[in-house]
Amino acid sequence: MRFASENQPYFTELMQANIQEMLRDLQKKIGFEYISFNLLSFFCNPVYGGNTQTGNHDYYFLDHILDFLISIRLKPLLTLKIDYLDHTGDMSQLQLALPEDIESLCHHLNEFGCHAVKRYGIGTASDWIFRIWFTRPGQSAIIKNENEFFSFYQKIFCAVKAVSQKLTVGSPPVSFCSEAEDGMNRRFVHFCTEHSCLPDHFNFACSERSYHIQNGKLHTNSVTESQLQALFDRIEAFKKDCRITAVPSWLFDYNMLTAHNNPGNDTCYKSCCTMYNIAKNLARANMEGFWKLTDYTSIRPFPSSLFHGGTALYTYNGIAKPYFHVFSFLNRLGKEILALESGYLVTRDSEHRRICIIFYNHDVYPDAAAQRDSHGFSPFRDMKRISFSLKLDQIDGDFYSMKQFSVCGLHGSSYDTWLKLGSPQNISESSMEFIRNTSPDLTAESDRINNGIINIEVNLEPLEIRLVELEIQ
């Protein structure tokens, strides 16, 4: 799997020691490929070397960040993030706040591209990604300055490609929440085809919610289990209709629960349901991106509680949530998929000496879970344990060793450890360390292989994810 983290909104946060420590831990235990940050905030920040007025740039601080990312095997996803102008309550007519001096921005972008190629080499820089990003409205909204935006994209594309055709430019976000968005997507592809600026890949966005408009306001419906699968079906049909099937699909900004204060974000529900959705669509995207690294951010008030429903992999102080272990498990999978069924996924490495199986006891998020409760688990109290029995045959070997790693409400979940301590708001240093040291439950065994057959029996708790690793000898 190739993963990207939709990270902090300001590039300066990547210079902070707490963020860098989390990134080191992330790379050690999982190994993401990309991390995004807002390059536009650098160009507009004279304190750290950017200066859109004079056109002069000092790349010292930006190089410091890039050097660090490269040292931990992370590639930058260089984002030009734009917002909407004030829409004064009318969400059906939106206008993107494009930069005032686009020509100057293109000059700065070209200058930075030349600097990056000179300092890091074209081989390294060609693996980076440049993109424009904005939050899609997710509704039947019209982007009033659509033509100006398309022209803006074309100029950014040309500024990057003028440095080298080997540099990568991704598309703006593409989603299919409404007919208005679908129409804009198709007009964008037509524009790119006409102006020879088709992106190197298409960035698709998905949150496991559907949207509707009532009295001019945006509302979200409860989560459905088929949204991600439906999105990929739409992507394939869209690319076929537009005759761009050769352009890769990258899924960015995927989230189960979009709200930053939904109790379910901290629970095993999110880890189990995310595993379910990724497993079902494992081979359908070239890259999957997830919002975000940590609940800590400089643009929102500091969280009042260790677990408060934030969307990230880590709490604000770097404690891995249950959601984190989805990716550590997926990172262990082999490249060959042997079986993909409801509740489990079986893979094998290229040498046929290692088999990895992921099991999950998943349930659909009920409507009641959209309501805030004390700990986010009330809708799942009636869930049952589930058992699996697998027979692996034609195994070439005499012995096998097996390790099982489990995350559920009973073990492996830092959130549930916090609950067991009484959900404290003021946490002592020793209790914080106890929560931090929560890790997946581990069991190990070995046995002889009889007639080329290995039998696997597992019993899963509600919302449990389990990784089974077999080494063949």
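Residue positions are given per chain, counted from 1 along the sequence in the order it is written. In keeping with the model being predicted, local features are shown solely for residues with a pLDDT of at least 70 and side-chain atom pairs are shown and tallied solely at 80 or more, while totals for entire chains, interfaces and linings include all residues. Only hydrogens and water are set aside when side-chain values are computed; all heavy atoms of the structure are taken into account.

Asker: I tried to follow the sheet that holds strand β13 (residues 336-341) on my own but got confused; where do I start?
Answerer: Strand pairs in the sheet, formed through backbone hydrogen bonds, run parallel or antiparallel to each other. The criterion for strand pairing is that DSSP finds at least two bridges linking the strands in question. Numbering of helices and strands starts at the N terminus; helices are DSSP runs of H or I of at least 4 residues and strands are runs of E of at least 2. Strand order in this open sheet of 6 strands is β13-β14-β15-β20-β17-β18, and the pairing throughout is antiparallel. Here the strands that pair on one side only, and so sit at the sheet edges, are β13 and β18 (441-448). Averaged over all pairs of adjacent strands, the angle between their axes in this sheet comes to 15°, without regard to strand direction. Bridge count between strand β15 (residues 354-360) and strand β20 (residues 465-472): 7 bridges; the pairing is antiparallel. Residue pairing across strands places Y360 opposite I465, the latter belonging to β20. Helix axes are fitted only over the stretch in contact, all axes being lines through C-alpha atoms; the angle between N-to-C directions runs from 0 to 180 degrees.

Asker: Please explain the nonpolar core as it appears in this structure.
Answerer: Where a protein is soluble and globular, its nonpolar side chains tend to be buried together. Nine residue types can take part in a nonpolar core, namely buried Ala, Val, Leu, Ile, Met, Phe, Trp, Tyr and Cys, and a core is a set of them joined through side-chain atoms within 4.5 Å. Summary of the burial criterion: residues with accessible area below 20% of their type's maximum are buried, those above 50% are exposed, and those between are partly exposed, where the area comes from a 1.4 Å probe applied to protein chains only. Core analysis: the largest hydrophobic core is formed by 111 residues, its most contacted members being L23, L39, F112 and F149. Any two residues whose heavy atoms approach within 4.5 Å are treated as being in contact. Once you skip the residues sitting within four places of it in the chain, F149 turns out to touch I82, L96, L98, I132, F134, P172 and M184. The next biggest cluster of nonpolar side chains, apart from the first, holds 19 residues, and it includes Y344, I395, V458 and I472.

Asker: Could you clarify how one ought to interpret the environment of L390 in this entry?
Answerer: Within the secondary structure, L390 is located in strand β16 (residues 386-392). You can call L390 buried: its relative accessible area is 10%. Once the C-alpha coordinates of L390 and Y344 are considered, the two residues, 46 residues apart in sequence, prove to be 9.9 Å apart. With residues up to four places along the chain from it excluded, the contact list for L390 reads Y344, V346, I357, F359, I454, N455 and I456.

Asker: Just to check I follow, could you spell out the packing of aromatic side chains for this structure?
Answerer: Centre-to-centre distance and the angle between the planes together describe a pair of aromatic rings. Pairing of aromatic side chains here covers Phe, Tyr and the six-membered ring of Trp, requires ring centres within 6.5 Å, and sorts the geometry by plane angle: under 30 degrees stacked, over 60 edge-to-face, intermediate tilted. Taken as a whole and assessed by the stated rule, the structure comprises 27 aromatic pairs. Here the aromatic rings of Y84 and F134 are separated by 6.3 Å at their centres, their planes lie at 80°, and the arrangement is edge-to-face. One end of the pair, Y84, is in the loop between β3 (75-81) and β4 (93-94); the other, F134, is in the loop between β5 (129-133) and β6 (142-143), with 50 residues separating them in the sequence. We classify Y84 as partly exposed; its relative accessible area is 23%. Judged by its relative accessible area of 1%, F134 is buried. Relative to F157, the ring of Y153 lies with its centre 6.0 Å away and its plane at 45°, an arrangement referred to as tilted.

Asker: In this structure, what is going on with the confidence of the model for the chain? I would like to understand it.
Answerer: Reading predicted coordinates in detail is not appropriate for stretches of low pLDDT. For every residue, the predictor reports its confidence as pLDDT, a number between 0 and 100. Mean pLDDT over the chain: 84, with 81% of residues reaching 70 or higher. Residue range residues 210-224 is modelled with pLDDT below 50. Its contacts to residues more than four positions away, or to other chains, number 38 contacts. When the criterion is pLDDT under 50, residues 366-374 qualifies, and its contacts beyond four places in sequence or with other chains add up to 11 contacts.

Asker: Before we go on, may I ask you to explain the environment of L80 in this structure?
Answerer: By the element assignment, L80 lies in strand β3. We classify L80 as buried; its relative accessible area is 3%. Sequence separation between L80 and N38 is 42 residues; the distance between their C-alpha atoms is 5.7 Å. Each residue touching L80, except ones within four places of it in the same chain, is listed here: N38, L39, L40, F43, L109, R131, I132, W133 and I156.

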